[in-house]
Each structure stands twice: as structure tokens, then as C-alpha cells.
Amino acid sequence: MYTQAMDTMAREGGGKLERVLSADEQALQQRFDARIDAGDFIEAKDWMPDNYRKTLLRQISQHAHSEIVGMLPEGNWISRAPTLKRKAILLAKVQDEGGHGLYLYAAAETLGTSRDQMIDALHSGKAKYSSIFNYPTLSWADIGTIGWLVDGAAIMNQVPICRCSFAPYARAMIRICREESFHQRQGYDSLLVMMQKGTPEQKAMVQDAVNRWWWPCLMMFGPPDDQSPNSAQGMRWGIKRVSNDTLRQKFVDATVQQAGVLGVTLPDPELKWNEEREHWDFGAIDWDEFWRVVGGEGPCNRERLEKRVKAWEDGEWVREAALAHANKQAMKEAA
Amino acid sequence: MNTTSHEWPLWEVFVRTKAGLDHKHCGSLHAADPKMAVQMARDVYTRRSEGSSVWVVRSDQIVASDPGDKDMFFDPAEDKVYRHPTFYKLPDAVDHM
């Protein structure tokens, strides 16, 4: 999910890296362009333009950070899951998110940056993660809603990246998409139980969660196409395959029916079927809120980062001890 | 917070999905030692019983062909069409041999 990197790049600056190419590099560039045009995959050791490498590194590492930070809002409910079954499911899901972060860090490392450098960029606030994880999980229904809506939006966003021109990223995405489908289904299933067999309070809790998550989920797809200046280059490189607005519309269209079956209302009075477009029309998104959250002013930005930094620092002695043990064993074997 | 020098080494992970098939490369991970690498490979790459065996090998131990020389390196096989069975046109009656 969690691939807002290309959209936030323009505002953060530093996205451009233009320099004069030598004749050799120009030839390489032409070959690279031809391969992209032919739909070829680019492997990590192949020649690639600096900007392609930089953009991918940015996007993949942000994607990885999002998976890891994304463990926090859901981890918040593991110890309070209502049944053992739901607890086991939630544990498996949060473990998956950790795994997804690892696949993606590994893919990003093939571009020539170290894991520690990426983690340092996250912890120092230099690197971002998806805006969605800066919202709090206030009730148990938030967990089901995250699965249904947040992971639903993520799948919509991620499926096209399985065809990304950069092969290590594409391979990681194929693996992730295969696992993500369970995330969405378990969320919907959990909400369905509450809506069909729950008390009025439980039903109200589900509706409340949907009300709070709906708009932030629509923001996940990034700014409208006409305000997404780096999209064209991303499309040219085969990094981005489908535009923000197209994906967002697809998500809305798919979700309206699911909401109906569930028996919840989506919190948008302007939501209505457009016969002519054959799509659902929806109301205006509060982009000021999006940029505030991206800029660090969301409800949980500070808490999320503090938790990650603390986990990293608390784990430092474990990492050091494991390495010391490994070195000692290696020395013993050599002796 | 600069711990670059303390980073655990990188390992490549190969998984055999079931008996009778090859081990196939499926990704990489960081681990302090071989035992930890195998255990983490199980947790990261076989959470849904995708594996019946895993190999790990230190990434810095892999010797690979140079992607820059790809064409030169693999060219010699390209003009040897006679290495393929389809090169030989046989009478219809015996073409299924």
C-alpha cells in the first residue's frame, strides 16, 4: 500500500537529480529506455539511470517502513482481541506485515543502500511512511475496518506494482499480494459477525470505525492526478502503472457494494451512482488534512515514531549479542 | 544511532516447495549466524507451508556472471539451433519420435 513516496517527493524537494550524461551513459540510457519500452524487467545489477534508482529506493523503502509502522495500530489490539480465534488471526496478520516489510527492505537493499541506512532515515524523520498509519485504533471494530478498507485499498494499489519494471520489487509485490487477500477477508469477516450477530452497541461501533477510516483510506491513493507531478515519469519508467484517481475510483466502486452487504453506511452524502460514467460519484477529499498528516501533524505521528525508535534501541543489545555469539562460534570453528 | 558496522550479514534464501522439486531462490534476509538464518528463513518465507526444505547461503559467497557481459557471455548458444529437436524436420509418419 503505502506508496505515496512519488507524490510527496515534489513537496519534499530533492526528487530531481539532473546531470549531464557522458556519451557512454547516453548509450546505456537509450538501451535502458528501449528495454522499458519493450516491457522488459530491470534487475538490480543492470545499468539504470540515477533518478530511476533514487525514485525506486524512495518508494520501496517507504513501502517497507509503512509495513513495519503498520504493525503498531493493529498490534495495539492483540492482547485485547475478543476471542482466541481472533487473537490468533490478528497475530498472523501482524506477523505478515513484518514479513512484508522484510521482503521490501531486501528489495530496496539490492539498489545499493543498507538496511541500517534506511532504518536511520525512518527514525530521523527523513523517510516517510503511509499517512494512514498516523490514525489511532480506538475500538476493536477498527481492526476489522483496517483489514477491510485499509488492506482493501492496499491491494488495489499493490496489484499493479506486481508488474513494476524493477524486478526485485515486482517479485516482492507478488508475494505480498498473495498474502494480503487473507488480510482483507479476515477483516470483513470480523465486521460481518458484529453486524449480523452483534448488539446495537457493537453495530454502532462498526459504523463509527467505518466513519473514521473511510476518508483517510481514500487519501491513501495519493493526491488527484492533476496534482501528482511525478506520476508521468513513474508511468514512463513502469514503476507506476495506474493513476491515483483511477485506483481510487476502482476502490470506491468495489467498496460500495461490500458496505451494503455488511449493512454499514459510507460517510459521504454525495456518494451516488453515475449512470453516465458507470461509476460511483463521491464527495471532495480534504487534501489539507492529507498534507497535514504527511507533514507530521496527524493524530499519532509522534507516538508511532517514538515506538519504532524505542523498539530499535531496546533491541540493540540483542543484535550485538547475537553478532558477538556468531563471531565467537566462528572463531571456535576456525581454531 | 549509527550502527552500520554492526549490521548482521545478508543471506540468500532458497526454498524447496515440495519433495521432487528444485530449491528456488525466494529472497534474502539478515541474520547473525547460519542457524538463525535458517530459522528466520522459515518465518519470513514459509509462513503458509510453502516449504519442505530451505537453504541459506551468505550473499557475499555467491559468484555471479557479470550482467554487463550478458550478451557476450550467452551469445555462443544463440547460433546453435541444431541443439534443439525442432531443428530436425522428419517425415510426418515418424515425427513423434
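Use the structure listed above.
Just so you know, these numbers come straight off a predicted model, no measurement behind them.

1. A word on the interface of chain B and chain A
Taken together, the contacts link 23 residues of chain B with 30 residues of chain A. Summed over both sides, the interface between chain B and chain A buries roughly 2200 Å², with carbon and sulfur atoms accounting for 51% of that surface. Here glutamate 179 of chain A and arginine 48 of chain B are joined by a salt bridge, their closest N and O atoms 3.4 Å apart. Our enumeration of links across chain B and chain A arrives at ten residue pairs in polar contact (both at pLDDT 80 or more). Of all the secondary-structure elements, those providing two or more residues to the side of chain B that touches chain A are strand 2 (23-30), helix 1 (34-45) and helix 2 (70-74) of chain B. For the side of chain B that touches chain A, the element with the highest residue contribution is helix 1 of chain B, accounting for four residues. Here the residues of the side of chain B that touches chain A sort into ten nonpolar, five polar and eight charged.

2. Digging into the layout of surface pockets
The volume enclosed by the largest pocket comes to roughly 1400 Å³. Around the largest pocket sit 35 residues that line it, and Glu43 and Arg171 of chain A together with Glu12, His25 and Gly27 of chain B are the ones nearest its centre. Of all the secondary-structure elements, those providing two or more residues to the lining of the largest pocket are helix 5 (84-109) and helix 8 (167-197) of chain A together with strand 1 (10-16) and strand 2 of chain B. With six residues, the single largest contributor to the lining of the largest pocket is helix 8 of chain A. Counted by class, the lining of the largest pocket contains 15 nonpolar, seven polar and 13 charged residues. Estimated volume of the second largest pocket: approximately 710 Å³. Taken together, 28 residues line the second largest pocket, and the ones lying closest to its centre are Leu102, Arg115, Ile119, Trp312 and Arg319 of chain A. Only helix 5, helix 6 (115-123), helix 13 (301-314) and helix 14 (316-334) of chain A together with strand 2 of chain B provide two or more residues apiece to the lining of the second largest pocket. It is helix 5 of chain A that contributes the most residues to the lining of the second largest pocket, six residues altogether.

3. A closer look at the packing of helix 5 of chain A against helix 8 of chain A
Residues and elements named next belong to chain A. Packing of helix 5 against helix 8 leaves a shortest axis separation of 10 Å and a crossing angle of 160 degrees. One element, helix 5, and the other, helix 8, form an angle in the roughly antiparallel class. The way helix 5 lies across helix 8 gives a crossing that is left-handed. Across the contact of helix 5 with helix 8, the residue classes tally to twelve nonpolar, four polar and eight charged.

4. A closer look at the nonpolar core
The nonpolar side chains of soluble globular proteins are, as a tendency, buried together. The biggest cluster of nonpolar side chains holds 52 residues, and the ones touching the most others in it are Trp148 and Phe251 of chain A. Elements supplying a minimum of two residues to this core: helix 5, helix 7 (140-158), helix 8, helix 9 (200-219), helix 11 (244-262) and helix 12 (287-297) of chain A. Ignoring any residue separated from it by four or fewer positions in sequence, one finds phenylalanine 251 of chain A in contact with Leu149, Gly152, Ala153, Met156, Trp214, Cys217, Leu218 and Phe221 of chain A. Counting residues in hydrophobic clusters, the runner-up holds 42 residues, among them Ala44, Leu104 and Leu111 of chain A together with Val56 of chain B.

5. Considerations on the packing of helix 7 of chain A against helix 9 of chain A
Residue and element names in this part refer to chain A. Contact geometry of helix 7 with helix 9 gives a least axis separation of 9 Å together with a crossing angle of 35 degrees. Crossing handedness for the pair helix 7 and helix 9: right-handed. Contact residues: helix 7 offers Trp140, Ala141, Asp142, Thr145, Ile146, Trp148, Leu149, Val150 and Ala153, while helix 9 offers Met205, Val206, Ala209, Val210, Arg212, Trp213, Trp214 and Cys217.

6. Digging into helix 8 of chain A
End to end, helix 8 of chain A covers 46 Å across 31 residues, agreeing with the expected 45 Å (1.5 Å per residue, within 8%). The sharpest bend along helix 8 of chain A measures roughly 30 degrees and falls at glutamate 179 of chain A.

7. Some points on the packing of aromatic side chains
Residues and elements named next belong to chain A. As enumerated under the stated definition, the model contains 15 aromatic pairs over all chains in all. A centroid spacing of 5.9 Å and a plane angle of 20 degrees characterise the contact between tryptophan 214 and phenylalanine 251, whose relative ring orientation is stacked. With a gap of 37 residues between them, tryptophan 214 in helix 9 and phenylalanine 251 in helix 11 connect regions that are remote in the sequence. Tryptophan 214 gets classed as buried once you look at its relative accessible area, which sits at 0%. Look at phenylalanine 251 and you get buried, because its relative accessible area is 2%. Ring geometry for tryptophan 287 versus phenylalanine 290: centroids 5.3 Å apart, planes at 85 degrees, classification edge-to-face. Taken together, the residues span about one helical turn, with tryptophan 287 and phenylalanine 290 both in helix 12 at a distance of three residues. Given a relative accessible area of 16%, tryptophan 287 falls into the buried group. Residue phenylalanine 290 is classed as buried on the basis of its relative accessible area, which comes to 0%. Feature note: the residues Phe32, Trp47, Tyr52 and Trp237 constitute an aromatic cluster, connected by ring pairs. Stacked on the ring of tyrosine 103, the Lys or Arg arginine 175 has its end atom at 5.5 Å from the ring centre.

8. What about unusual backbone geometry?
Located in the positive-phi region is glutamate 278 of chain A, a residue other than glycine, with phi close to 60 degrees. By secondary structure assignment, the location of glutamate 278 of chain A is in the loop between strand 1 (272-274) and strand 2 (279-281). One non-glycine residue, serine 49 of chain B, lies in positive phi territory at about 45 degrees. In this structure, serine 49 of chain B sits in the loop between helix 1 and strand 3 (53-58). Given the relative accessible area of 68%, serine 49 of chain B is considered exposed.

9. Overview of the pattern of salt bridges
Residues and elements named next belong to chain A. Counting across every chain of the model gives 24 salt bridges over all chains. Here arginine 35 ties to aspartate 40 by a salt bridge, and the two come within 3.8 Å at their closest N and O atoms. Overall, the relative accessible area of 19% leaves arginine 35 in the buried class. Arginine 212 is the salt-bridge partner of aspartate 208, the closest N and O atoms lying 3.1 Å from each other. Within this pair, aspartate 208 and its partner arginine 212 are both found in helix 9, separated by four residues, close to a single helical turn. Of the residues examined, arginine 212 reaches a relative accessible area of 24% and is grouped as partly exposed.

Rules used throughout
- Residues numbered from 1 in each chain as written.
- Chains lettered and ligands numbered in written order.
- Predicted model: local features only at pLDDT ≥ 70, side-chain atom pairs only at ≥ 80, totals over all residues.
- Heavy atoms only, no water.
- Contact = heavy atoms within 4.5 Å.
- Buried area = accessible area lost by both parts, 1.4 Å probe.
- Salt bridge = Lys/Arg side-chain N within 4 Å of Asp/Glu carboxyl O.
- Polar contact = N/O pair within 3.5 Å; in protein donor to acceptor, adjacent residues only side chain to side chain.
- Helix = DSSP H or I, 4+ residues; strand = E, 2+ residues; numbered from the N terminus.
- Nonpolar A, V, L, I, M, F, W, Y, C, P; charged D, E, K, R; others polar.
- 1 Å grid on protein atoms, 1.4 Å probe; cavity = no way out; pocket = protein on both sides within 12 Å on 5 of 7 lines; lining within 4 Å.
- Points joined across faces, edges and corners; volume = space filled by probe spheres on them.
- Axes fitted to C-alpha atoms, helices over the stretch in contact; angles between N-to-C directions.
- Parallel < 35°, antiparallel > 145°, perpendicular 65-115°, else oblique.
- Left-handed = near helix turned anticlockwise from the far one by under 90°.
- Core = buried A, V, L, I, M, F, W, Y, C linked by side-chain atoms within 4.5 Å.
- Buried < 20%, exposed > 50% of the residue type's maximum accessible area, 1.4 Å probe, protein only.
- Expected span 1.5 Å × (residues − 1).
- Bend = angle between axes of the 7 residues up to and from the residue.
- Phe/Tyr/Trp six-rings, centres within 6.5 Å; stacked < 30°, edge-to-face > 60°.
- Lys NZ or Arg CZ within 6 Å of the ring centre and 35° of its normal.

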